[in-house]
Amino acid sequence: MPATFTGKKISWEVRDEIGYLSLVDPPENRMDSAFFEEFGVVVNEIIPASAAIALIISGTERHFSSGAELEDLFRIIKQEKSDVLISNFEMFHAVDQLKIPVIAAIKGVCIGSGLELALHCHFRLCSEDAILGLPESSFGLIPGLGGISKLMEFSGKAKAIELVLKGSHFNATDALKWQIVDEVYPKKIVVEKAAQLAKLCVGDYRKYNKRDYLKRLKIEA
Amino acid sequence: MNNTPRIILKREKDVGWLQINNPPENYLEQPDFIEIEELKNFIETGIKALVIEGVGRHFSAGADLEKLKEQIKDRKAFQDQLMKGNNLLNYIDELEIPVIAAISGVCFGAGLEIALACDIRICDENVLFAFPEVNHDVFPGLGGAKRLAELTGVSAALELTLSGDMINAEKALELQIIDTLVKKNEAKEYAVDLAGKITDNRPLKVIRAVMSSVNNSASMRVDEQIKCDTEMFVELALESMNKNND
């Protein structure tokens, strides 16, 4: 398997044993069919075969991702290819199921399926300027890639219902208060902090120790 | 005898209200406090959210013990009532619209069991919670201990259920039994405001899909969830496309 992958939407490389999956279609890093094709290759084939000891997911330039391309989604649905949607959902779930620590380094806009991807990561480190939200209900849709269930897991049922049905955006401070993100940092150091956290988890990584790793990250700083 | 209904169902715009109407303590005279068919018919008028509250100062102090002692003499009939009560709370729990409990005053026993079957619990700072059943050598009979354990974890739920201890609103927030703590007498206002904010401009179809997904998360395996969420998404997307083509 190649150690690097350079696509139109995604890039993958391993530096210092840590795998970096970057969304490289700035400014918004939208998630269209081409994105999911490349994402599938990286998540289902390249990462499991790589020697990376941790995975950091981030967006290049200003934003994490502003989510799905509605027109593209509608085209898929018109062609009755809902299997594609199932397989997109399964890719996000596969991220959650990875045995290595998976950290989302979030800055700028992280909306819709962008936030759903971040929610499938094991940790979310977030920049102070981040804007998050699941706005699908305001377009007459629902978050379709597991966002509802993952949000419930972190923020609780009541807050998840409220946020999904309101569909409005929220900032990093609120996201932290509602336990949707784990830590908030100045945007310049978010990826650096993610790498530091990755190293802390390595060796004997257990998801249930999440709080301990985050505590150690705080102490080291 | 009086003929005052013990439960009032009313609708204000798109929000339905279920009021426990036996003040001041709002004791529940039977476990099946409303006919499930009556509630179903009410929901099917197309309300987008349901708020449950007590009339007056208190949410509910739970079962009326005097009535209970009478009812239990006919064991078979009481068992049937208890089953109906359980079916009723399961129905409320699984409703495909958000159900909000606006809690003030006391919220004990079966009253707490009703609140626990709701999706969102708003509570004012003066509220007291308890499962006092153990003091009468019984236990919460409407699934309350299990629902409590889902929120607090098994050990805190066992402590509360086995001790019968009363806890205040602040403690309930800390134990994640309630979701939002508001000032005295403000629970109802907060609940109605929240119900509006989460349902205004949202078609019932979208609300139902979101709530099914929420309910499925608790009961389904991930592969089943993926299938259901995708089906609902496709249906809503098709509808949205058709609308745009009109």
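Note that the coordinates shown come from a computational prediction; the quantities given were computed from them, not determined experimentally.

(A) Looking closely at the overall build of chain B. Within chain B, the regular secondary structure consists of 10 helices and nine strands. In summary, chain B has a C-alpha radius of gyration of 19 Å against a globular reference of 18 Å for 246 residues, a match within 12%. The principal-axis extents of the C-alpha atoms in chain B amount to approximately 65 × 40 × 40 Å. Across chain B, every contact between residues at least 6 apart in sequence was considered, and the portion connecting residues at least 24 apart equals 73%.

(B) Representation of the environment of Pro-24 of chain B. All names here are of chain B. Looking at the secondary structure, you find Pro-24 in the loop between strand 2 (15-20) and helix 1 (36-43). Residues Pro-24 and Ile-207 lie 183 residues apart in sequence; the distance between their C-alpha atoms is 34 Å. Discounting chain neighbours no more than four positions away, the residues touching Pro-24 are Gly-56, Arg-57 and His-58.

(C) A look at the sheet that holds strand 3 (residues 49-54) of chain B. Residue and element names in this part refer to chain B. Read across the open sheet, the six strands follow the order 1-2-3-4-6-9; overall the sheet is mixed. The open sheet terminates on both sides in strands that have one partner only, identified here as strand 1 (7-12) and strand 9 (180-182). Between one strand axis and the next, the sheet turns by 20° as a mean value, whatever way the strands run. Note: strand 1 against strand 2, six bridges, orientation antiparallel. Bridge pairing links Lys-10 to Trp-17 in strand 2.

(D) Broad picture of the nonpolar core. Among the nonpolar cores identified, the biggest contains 142 residues, and Ile-103 of chain A together with Val-51 and Ile-100 of chain B are the most heavily contacted of them. When residues are assigned to domains, this core turns out to be shared by domain 1 (7-199) and domain 2 (204-245) of chain B, each giving three or more. Each residue touching Ile-103 of chain A, except ones within four places of it in the same chain, is listed here: Ala-54, Ile-56, Cys-121, His-122, Phe-123, Leu-125, Ala-194, Leu-197 and Ala-198 of chain A.

(E) Fine view of the sheet that holds strand 9 (residues 170-171) of chain A. Residues and elements named next belong to chain A. In spatial order, the strands read 6-8-9; together these three strands make up an open sheet with mixed pairing. Looking at the sheet topology across the chains shown, the edges are occupied by strand 6 (109-111) and strand 9. Here strand 8 (residues 131-133) pairs with strand 9 via two bridges, running antiparallel. When the sheet's bridge partners are listed, Leu-132 is paired in strand 9 with Phe-170. Contacts between helix 4 (residues 113-120) and the sheet are confined to strand 6 and strand 8, with strand 6 contributing the most and set at about 85° to the helix.

(F) The arrangement of the domain arrangement of chain B in detail. All names here are of chain B. As assigned here, chain B comprises domain 1 (7-199) and domain 2 (204-245). The straight-line distance from the C-alpha centre of domain 1 to that of domain 2 is 28 Å. Grouping the constituent residues of the side of domain 1 that touches domain 2 by class yields two nonpolar, two polar and three charged.

(G) Region of the structure containing the pairing of strand 5 (residues 102-106) of chain A. Residues and elements named next belong to chain A. The buried count for strand 5 comes to five of five residues, which makes it a mostly enclosed element. On strand 5, burial covers both faces: Val-102, Ala-104 and Ile-106 on one face and Ile-103 and Ala-105 on the other are all buried. In this sheet, strand 5 lies alongside strand 4 (residues 54-59) in parallel orientation, the contact comprising four bridges. Within strand 5, the position partnered with Ile-57 by the bridge is Ala-104. The sheet contact formed by strand 5 and strand 7 (residues 123-127) spans four bridges and is parallel. Opposite Ile-106, over in strand 7, you have Cys-126 as the bridge partner.

(H) Up close: the interface of chain A and chain B. Taken together, the contact between chain A and chain B spans 28 residues of the former and 32 residues of the latter. The set of elements that each furnish at least two residues to the side of chain A that touches chain B consists of helix 2 (70-78), helix 3 (82-97), helix 5 (147-155) and helix 6 (157-166) of chain A. By residue number, the principal contributor to the side of chain A that touches chain B is helix 6 of chain A, which donates nine residues.

(I) Region of the structure containing helix 3 of chain A. Residues and elements named next belong to chain A. Across its 16 residues, helix 3 extends 23 Å between first and last C-alpha, which sits within 8% of the 22 Å expected from 1.5 Å per residue. Of the residues making up helix 3, those classed as buried are Leu-85, Asn-88, Phe-89, Phe-92 and Val-95. Across the axial projection of helix 3, the buried residues extend over an arc of 105°, all falling on one side. Away from its buried face, by an angle of more than 90 degrees, helix 3 presents the exposed residues Asp-83 and Gln-97.

(J) Main features of the pairing of strand 4 (residues 99-103) of chain B. Residues and elements named next belong to chain B. Burial of strand 4 is extensive: five of the five residues sit out of reach of the surface. Burial along strand 4 is two-sided: the residues Val-99, Ala-101 and Ile-103 and Ile-100 and Ala-102 are all buried. As paired elements, strand 4 and strand 6 (residues 120-124) share four bridges and run parallel to each other. Bridge assignment links Ala-101 to a residue of strand 6, and that residue is Arg-121.

(K) Structural context of the confidence of the model for chain B. In this model, chain B carries a mean pLDDT of 95, and residues with pLDDT of at least 70 account for 98%. Two summary scores accompany this predicted model of the complex, namely pTM at 0.96 and ipTM at 0.95.

(L) A look at the packing of helix 3 of chain A against helix 4 of chain A. Residues and elements named next belong to chain A. Interaxial distance between helix 3 and helix 4 falls to 8 Å at its minimum, and their mutual angle equals 30°. By the angle between their axes, helix 3 is roughly parallel relative to helix 4. Contact with helix 3, carried on its side by Phe-92, His-93, Val-95 and Asp-96, involves Glu-116, Leu-117 and His-120 of helix 4 and no other residues of that element. Of the residues assigned to the contact of helix 3 with helix 4, the class counts are three nonpolar, two polar and two charged.

The rules behind the values
Residues numbered from 1 in each chain as written. Chains lettered and ligands numbered in written order. Predicted model: local features only at pLDDT ≥ 70, side-chain atom pairs only at ≥ 80, totals over all residues. Helix = DSSP H or I, 4+ residues; strand = E, 2+ residues; numbered from the N terminus. Rg over C-alpha atoms; globule rule 2.2 N^0.38 Å. Contact = placed C-beta atoms within 7 Å. Pairing = 2+ DSSP bridges. Axes fitted to C-alpha atoms, helices over the stretch in contact; angles between N-to-C directions. Core = buried A, V, L, I, M, F, W, Y, C linked by C-beta atoms within 7 Å. Buried ≥ 20, exposed ≤ 12 C-beta atoms within 10 Å, placed from the backbone. Domains from an automatic or database assignment. Nonpolar A, V, L, I, M, F, W, Y, C, P; charged D, E, K, R; others polar. Expected span 1.5 Å × (residues − 1). Arc of directions from axis to C-beta. pLDDT = per-residue confidence, 0-100. Parallel < 35°, antiparallel > 145°, perpendicular 65-115°, else oblique.

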